[in-house]
Structures are given as C-alpha cells and as structure tokens.
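# Remarks on the overall topology
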Amino acid sequence: MIVCKFGGTSVASATQIQKVANIVKDNTARRIVVVSAPGKRSSEDIKVTDLLIDLADTALANADVAAKIQTVVNRYEDITAELGLGKDISEVIAQDLRDRVAGDRSNKELFVDSIKASGEDNNAKVIAAYFNTIGVPARYVSPKDLLIVNDLPERTFAVAEAYERLAVLAQSEEVIVFPGFFGYTKDGILRTFDRGGSDITGSILAAAVGAELYENFTDVDCVFSANPKVVNNPAEIKEITYREMRELSYAGFSVFHDEALMPVFKKDIPVNIKNTNNPSAPGTRVVPTRELTGRPVTGISVDSGFSTLYVSKYLMNREIGFGRKLLQILEDEGISYEHTPSGLDDISIIMRSNQLNLEKEERIVKRVQQELQVDNVYFRHGFSMVVLVGEGMRNSTGLAGRAALAISKLGVNIEMINQGSSEVSLVFGVQQNYEDIILKALYEEFFSAVPV
Ligand SMILES: Nc1ncnc2c1ncn2[C@@H]1O[C@H](COP(=O)(O)OP(=O)(O)O)[C@@H](O)[C@H]1O
Ligand SMILES: N[C@@H](CC(=O)OP(=O)(O)O)C(=O)O
C-alpha cells in the first residue's frame with residue numbers, strides 16, 4: 001500500500017486535481033490520498049490557507065467577513081464547476097465557513113485553527129466526490145476520532161493512540177481521501193500542525209498503516225541541492241538519507257516539512273518526492289542509508305528569522321549551573337533554542353525570532369542581569385542560518401575552511417559557526433540580508449566543479 005500526499009500546488013485547480021486522479025488511477029497500490037488546501041495557481045496567486053487566515057483575523061477584529069468568505073468559496077466554485085460537480089457543494093462550503101466563523105472565540109489560536117483547517121477539509125470532500133464521478137470509488141475520512149493530537153499549549157503533534165486508530169484505514173475497500181494539516185484532541189478540539197503540515201499528516205498515515213512507500217507529490221521534479229528560486233539550475237538529488245533531509249528541511253528546504261520525517265523514519269518507510277506535473281520523473285528518494293558519492297555536500301539550505309541572546313560574564317566557565325539557569329529563564333518564557341555557541345566567558349543562544357516580542361525580551365534581559373549577575377546581556381536580530389549538509393562530510397577534511405573562505409571573499413562577517421556532533425551538518429550564522437549571495441557562493445564552491 002502506498003500513501004500519497006498532494007501539496008497545495010497539486011490541488012490548486014481542476015486541471016491539477018485531474019492530474020492527481022490520473023496518478024491515483026495509474027497505480028492501484030495508491031490507496032490513501034492526503035490532500036492540502038488549494039495552493040497557488042501562479043506566483044501572484046494567494047493560497048487558500050492564507051485567505052482563511054485573513055478571514056479568521058477579520059472575524060476576530062469584528063469586521064464584516066462576507067466578502068472574505070465569498071473569496072474562498074469562489075476558489076472552490078472555480079474548481080467544482082470545471083470538475084462538473086454541481087453548484088450545491090459550494091453552498092455546503094459557504095455554510096461550513098459561516099459555522100466556523102460563528103464558533104467559539106474564547107481561545108483565538110483554536111478559533112484560527114478551525115478556520116484554517118477548512119481549506120484541506122473541504123478540498124478533501126471535493127476531491128473524494130470527484131474521484132467517485134470518474135469511477136474511482138473513494139471516501140472522504142475526517143481526522144476526528146482518528147488523528148488524535150495533544151492539547152495546548154505545546155505545538156501540535158500526533159499522540160501514540162493516533163497511530164493505533166488510523167491503522168484501520170488499511171482495511172478500506174475504497175480509496176481514502178484524507179485532509180492534511182490538522183487533527184483533533186481527545187476532547188474533540190481541532191488543532192492544526194505548523195504551516196506546510198500536510199506533509200506531516202501523510203507521514204503519520206503512512207506509519208499507521210505500515211505503507212510500503214510514502215509518496216509526496218509537489219510541483220518540482222525532485223529535491224534540488226539548493227533552492228531553485230535562488231540558485232540557477234541546481235543539481236538534482238536522486239537519493240538522500242532521512243538525516244540529511246531532516247537537516248535540510250529544518251533550514252529552508254520548504255519542499256518537505258522537517259517534522260514529516262520522524263513517523264516514516266521510525267518505521268523505515270521510504271519517501272519518494274515527486275512532481276504531479278511530471279509523474280514519470282523518478283523524483284527524490286529519502287532512505288535510511290545510501291552509498292556515498294564523490295560529493296561530500298548533498299545540499300545547502302538557508303533559513304532566515306533568527307535572533308541571538310548574547311551573555312558574557314568573567315569566569316562563566318567555572319560557574320556550576322550557569323547554562324542551566326540561563327536556559328531555565330528561556331524555558332519559563334516558552335522559548336526553544338537552536339544553537340548555543342560559547343567561549344570561556346560568553347555564550348550566544350540562537351533561537352527563532354518568531355518566539356520573541358519586546359516585553360519577553362525585556363523580561364529575559366532583566367532576569368539574566370539580576371539572577372546571573374552577568375557583565376553583559378543583549379538580544380540581536382536579523383540573522384540567517386546557512387547549513388551545509390552531507391553524509392560524506394564526515395570523511396572530508398577542510399570543508400569548514402573552504403566554506404568560510406568562500407563567505408569571507410564576499411566581505412561578509414560570519415557571526416557563528418557550529419559543526420553538528422553528527423558531523424553531517426555545518427552551520428554558519430550570518431546577517432540575513434546576505435543569505436542569497438552566500439548561498440550562491442557556497443553552491444559555486446561545492447557543486448560547480450565537482451562531478452556527481
Ligand atoms: N532545495 C529545494 N528543492 C526543491 N524545491 C525547493 C527547494 N527549496 C525550496 N523549494 C521550493 O519548494 C517548493 C515546493 O514546496 P511547497 O511549496 O511546500 O509545495 P506543495 O504545494 O507541493 O506543498 C518548490 O516549488 C520550490 O520552489
Ligand atoms: N495548507 C497548509 C498546509 C500544507 O501543507 O500546505 P502545502 O502542501 O501547500 O505546503 C499550508 O499552507 O501551510
């Protein structure tokens with residue numbers, strides 16, 4: 001059995017959904033189809049999920065939502081009309097949106113989640129209905145009572161029971177069309193995953209039913225060794241390990257969500273990333289191990305939106321428990337951190353900026369000053385992490401030097417270097433505005449002259 005997930009671009013229009021149907025028909029092993037909300041039809045288009053977030057924000061501001069609801073309904077109407085599904089389905093969608101908008105607003109985050117999730121939920125219903133009209137027996141299945149997630153305040157993840165409950169889907173006679181991106185808590189409260197989270201749903205389902213393969217359909221032929229929007233014609237990656245993919249998707253390879261690897265990784269289920277617009281292309285296979293090629297570096301990614309908390313104190317290295325106390329202050333503010341490069345008397349804690357606001361920063365700085373009696377403490381913002389990833393890096397010397405030289409030739413300062421203990425990744429912290437030129441320079445250094 002194959003579980004396949006189709007991303008927003010793959011289900012953005014009737015033409016795209018027809019391609020999806022052909023792909024499903026083409027291989028009878030494709031029994032479970034996870035779908036996203038309609039994505040962008042062109043680079044100027046707006047994803048339905050973004051329209052829905054705007055709708056939710058408008059509702060929370062107590063402004064009129066009628067026009068915003070209509071914009072979303074129009075997107076579905078374009079699709080259903082062309083698929084020959086009749087008009088009543090869009091009235092059902094309009095009513096569903098009105099019901100969600102009229103829902104409980106006591107917790108803003110959950111209210112927004114409920115509206116956001118309608119994008120995939122309604123699209124799954126449309127796609128299941130369409131499959132039936134073309135002779136593919138199909139059934140929409142709701143995540144309710146199956147894909148069980150944890151409660152607030154932690155980020156959303158599937159609890160162990162979800163896998164047990166979802167296993168029944170393996171028995172279905174019909175093709176199952178399952179909406180991506182959200183689940184329900186045990187008490188029936190809807191929660192969404194992070195943006196791009198339909199990849200996570202597909203992976204959970206693949207693990208739950210013990211699929212032979214998880215196919216992730218998108219709008220590019222494969223994963224490239226660098227973002228194709230920045231680097232011209234980057235090298236294709238045919239095979240990549242889970243570990244390499246995790247590192248690269250964590251730091252900017254938006255083609256596959258980093259949290260989507262864990263469920264399939266635990267069950268050794270291979271992942272194949274493929275193109276809905278060119279399904280005969282072999283795509284990229286994500287596998288437990290692979291043969292090393294001549295290239296030490298498999299991919300280079302860049303992600304922006306990082307901040308640093310810099311702390312210095314003379315003889316910090318001798319003070320027992322200093323790091324723990326410092327990290328406890330961040331934990332108290334609900335902040336996770338990414339890297340902690342340190343010297344004898346100073347330490348920088350690198351974190352995602354979206355976890356911070358002015359009040360939090362002031363509270364943290366004040367507590368660090370008072371409780372740890374430091375010499376200096378401040379926040380800096382606007383950093384990007386450039387990450388070189390490759391299983392072959394472990395056996396290669398001089399890589400960090402080559403990368404640092406390529407960056408320094410651009411006249412750009414390296415703020416931080418961190419070599420992961422596993423030695424499959426090397427991270428450089430740089431000022432955000434230089435990220436594209438650095439990516440291009442590193443690509444040139446590690447890929448241009450080296451054969452595959
Ligand atoms: N290294 C990379 N390899 C392939 N695609 C990448 C890479 N980095 C960024 N992308 C972008 O990811 C996009 C696909 O991801 P996403 O937008 O989430 O698709 P989907 O709509 O299928 O979920 C591609 O169109 C491409 O521009
Ligand atoms: N629609 C959601 C979830 C998702 O996974 O979408 P996509 O497959 O288009 O990345 C989002 O935009 O975040």
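Residues numbered from 1 in each chain as written. Chains lettered and ligands numbered in written order. Predicted model: local features only at pLDDT ≥ 70, side-chain atom pairs only at ≥ 80, totals over all residues. Heavy atoms only, no water.

## Here we look at the overall build of the chain
Applicable threshold: Strands here are runs of E lasting at least two residues and helices are runs of H or I lasting at least four, both read from the DSSP assignment and numbered beginning at the N terminus. Each radius of gyration reported is based on C-alpha atoms, and the globular scaling rule is 2.2 Å times the count of residues to the power 0.38. Relative accessible area decides the class of each residue, using a 1.4 Å probe on protein chains only: under 20% of the type maximum gives buried, over 50% gives exposed, and in between gives partly exposed. Contacts between residues were defined by any pair of non-hydrogen atoms, one from each residue, lying within 4.5 Å. Surface accessibility in these figures is a Shrake-Rupley result with a 1.4 Å probe; residues are shielded only by whichever protein chains are displayed.
Counting its secondary structure elements, the chain contains 13 helices and 17 strands. Taking 2.2 N^0.38 as the reference for a compact globule, 452 residues should give roughly 22 Å; the C-alpha atoms of the chain span a radius of gyration of 24 Å, in line with that estimate. Oriented by its inertia axes, the alpha-carbon framework of the chain measures out at about 70 × 55 × 40 Å. Taken across its 452 residues, the chain has 53% of its residues classed as buried. Partitioning the intrachain contacts of the chain with sequence separation of at least 6 by distance along the chain shows that 75% fall at a separation of at least 24. Entry remark: accessible area of the chain is about 20,300 Å², with carbon and sulfur atoms responsible for 48%.

## Observations concerning the domain arrangement of the chain
Rules: For each domain, the first and last residues come from an automatic or database assignment. Accessible surface is computed with a 1.4 Å probe, and the buried area is the amount of it that two parts give up when combined, taken over both parts together. Salt bridge, as used here, is a side-chain nitrogen of Lys or Arg placed within 4 Å of a carboxyl oxygen of Asp or Glu. For the purposes of these results, a polar contact is taken to be a pair of N or O atoms within 3.5 Å, where, inside protein, one atom must be able to donate a hydrogen and its partner to accept one; residues adjacent in sequence count only when each atom of the pair is a side-chain atom. Note that Gly is not counted as nonpolar here; it falls among the polar residues with everything else outside the nonpolar set of Ala, Val, Leu, Ile, Met, Phe, Trp, Tyr, Cys and Pro and the charged set of Asp, Glu, Lys and Arg.
Each assigned domain of the chain is listed with its residue range as follows: domain 1 (2–36 + 121–287) and domain 2 (299–448). Across the boundary between the two partners, domain 1 contributes 17 residues, which contact 22 residues of domain 2. Summed over both sides, the interface between domain 1 and domain 2 buries roughly 1,600 Å², with carbon and sulfur atoms accounting for 61% of that surface. For the pair domain 1 and domain 2, the interface holds one salt bridge. Note that Glu391 and Arg243 form a salt bridge whose closest N and O atoms lie 2.8 Å from each other. Connecting domain 1 to domain 2 are ten residue pairs in polar contact (both at pLDDT 80 or more). Its residues assigned to classes, the side of domain 1 that touches domain 2 comprises nine nonpolar, five polar and three charged.

## Some points on helix H5 (residues 108–133)
Residues separated by three or four positions in an α-helix point in the same direction, a consequence of the helix having 3.6 residues per turn. In plain terms, the rule: Multiplying 1.5 Å by the residue count of a helix minus one yields the expected span of that helix. Bend angle per residue: angle between axes fitted to the 7 residues ending at that residue and the 7 residues starting there.
End to end, H5 covers 39 Å across 26 residues, agreeing with the expected 38 Å (1.5 Å per residue, within 8%). Ser118 marks the point of greatest bend in H5, at about 35°. Structurally, the start of H5 carries an N-cap: the backbone nitrogen of Glu109 is 3.0 Å from a side-chain oxygen of Asn107. Just downstream of H5 lies Gly135, where phi reads positive at about 85°.

## So, the sheet that holds strand S10 (residues 239–241)
Inclusion rule: Only strands joined by at least two bridges in the DSSP assignment are considered to pair. Only C-alpha atoms enter the line fits that serve as axes; for helices the fit covers just the stretch in contact. Angles between N-to-C directions range over 0 to 180 degrees.
Pairing within the open sheet is mixed, and its eight strands lie in the order S3-S4-S2-S1-S7-S11-S12-S10. The open sheet has two free edges, formed respectively by strand S3 (138–140) and S10, since each of these has just one partner strand. Between one strand axis and the next, the sheet turns through 20° on average, direction left out of account. Relative to strand S7 (residues 213–218), strand S1 (residues 2–6) runs parallel, the two being bridged by five bridges. Bridge pairing links Ile2 to Leu213 in S7.

## Points about the packing of helix H2 (residues 48–60) against H5
Going by this rule: The crossing is said to be left-handed when, going from far helix to near helix, the turn is anticlockwise and less than a right angle, and right-handed when the turn is clockwise.
Two elements in contact, H2 and H5, have axes separated by 8 Å at closest approach and are oriented at 145°. When you trace H2 past H5, the crossing you get is right-handed. Where H2 abuts H5, its residues Val48, Thr49, Leu52, Ile53, Leu55, Ala56, Ala59 and Leu60 lie against Lys108, Phe111, Val112, Ile115, Lys116, Ser118, Gly119 and Glu120. For the contact of H2 with H5, the per-class residue count stands at ten nonpolar, three polar and three charged.

## Section: the state of the cysteines
Here is the rule: Disulfides are defined as cysteine sulfur pairs within 2.5 Å.
Scanning the entire structure with this criterion turns up zero disulfides. Free of any disulfide, Cys4 has its nearest cysteine sulfur in Cys222, 19 Å distant.

## Remarks on the packing of aromatic side chains
Two aromatic rings are characterised by how far apart their centres lie and by the angle between their planes. Going by this rule: Paired rings are identified among Phe, Tyr and Trp, the last through its six-membered ring, by centres lying within 6.5 Å, and are further divided according to the angle between planes into stacked (under 30 degrees), edge-to-face (over 60) and tilted (the rest).
Evaluation of the coordinates by the stated rule reveals six aromatic pairs. With a centroid separation of 6.0 Å and 75° between ring planes, the pair formed by Phe182 and Tyr184 is classed as edge-to-face. According to the relative accessible area criterion, Tyr184 is buried, its value standing at 11%. Relative to Phe447, the ring of Tyr443 has its centre 4.8 Å away and its plane inclined at 5°; by these criteria the two rings are stacked. With Tyr443 and Phe447 both in helix H13 (residues 435–448) and four residues apart, this pair spans about one turn of that helix. The pair formed by Tyr443 and Phe447 is uniform in burial state, with each residue classed as buried.

## Quick notes on the site of ligand 1
Going by this rule: Residues are counted as near a molecule or strand when any one of their heavy atoms sits within 4 Å of it.
The local shell around ligand 1 holds 18 residues, among which Thr9, Thr218, Asp219, Phe224 and Lys229 are the closest. Backbone polar atom of Gly8 to an oxygen atom of ligand 1: 3.2 Å apart, as the coordinates give it. Measuring from a nitrogen atom of ligand 1, one finds a backbone N or O atom of Phe224 at 2.9 Å. For ligand 1, the protein covers 87% of the area, taking 580 Å² as the surface of the free molecule. Within the residue set of the shell around ligand 1, elements represented by two or more residues are S7 and strand S8 (223–224). Here the residues of the shell around ligand 1 are counted per class, giving nine nonpolar, six polar and three charged.

## Points about the sheet that holds strand S15 (residues 376–389)
Taken together, five strands build an open sheet; the order of strands is S14-S13-S15-S17-S16 and the sheet is antiparallel. Each edge of the open sheet carries a strand with a single partner, namely strand S14 (346–352) and strand S16 (416–419). The mean angle between the axes of side-by-side strands here comes to 30°, regardless of whether they run parallel or antiparallel. In the sheet, S15 pairs with strand S17 (residues 425–431) via seven bridges, with the strands oriented antiparallel. By the bridge assignment for S17, Ser384 is matched with Val430. Packing of helix H12 (residues 399–408) onto the sheet brings it into contact with S15 and S17, and relative to S17 it is tilted by some 20°.

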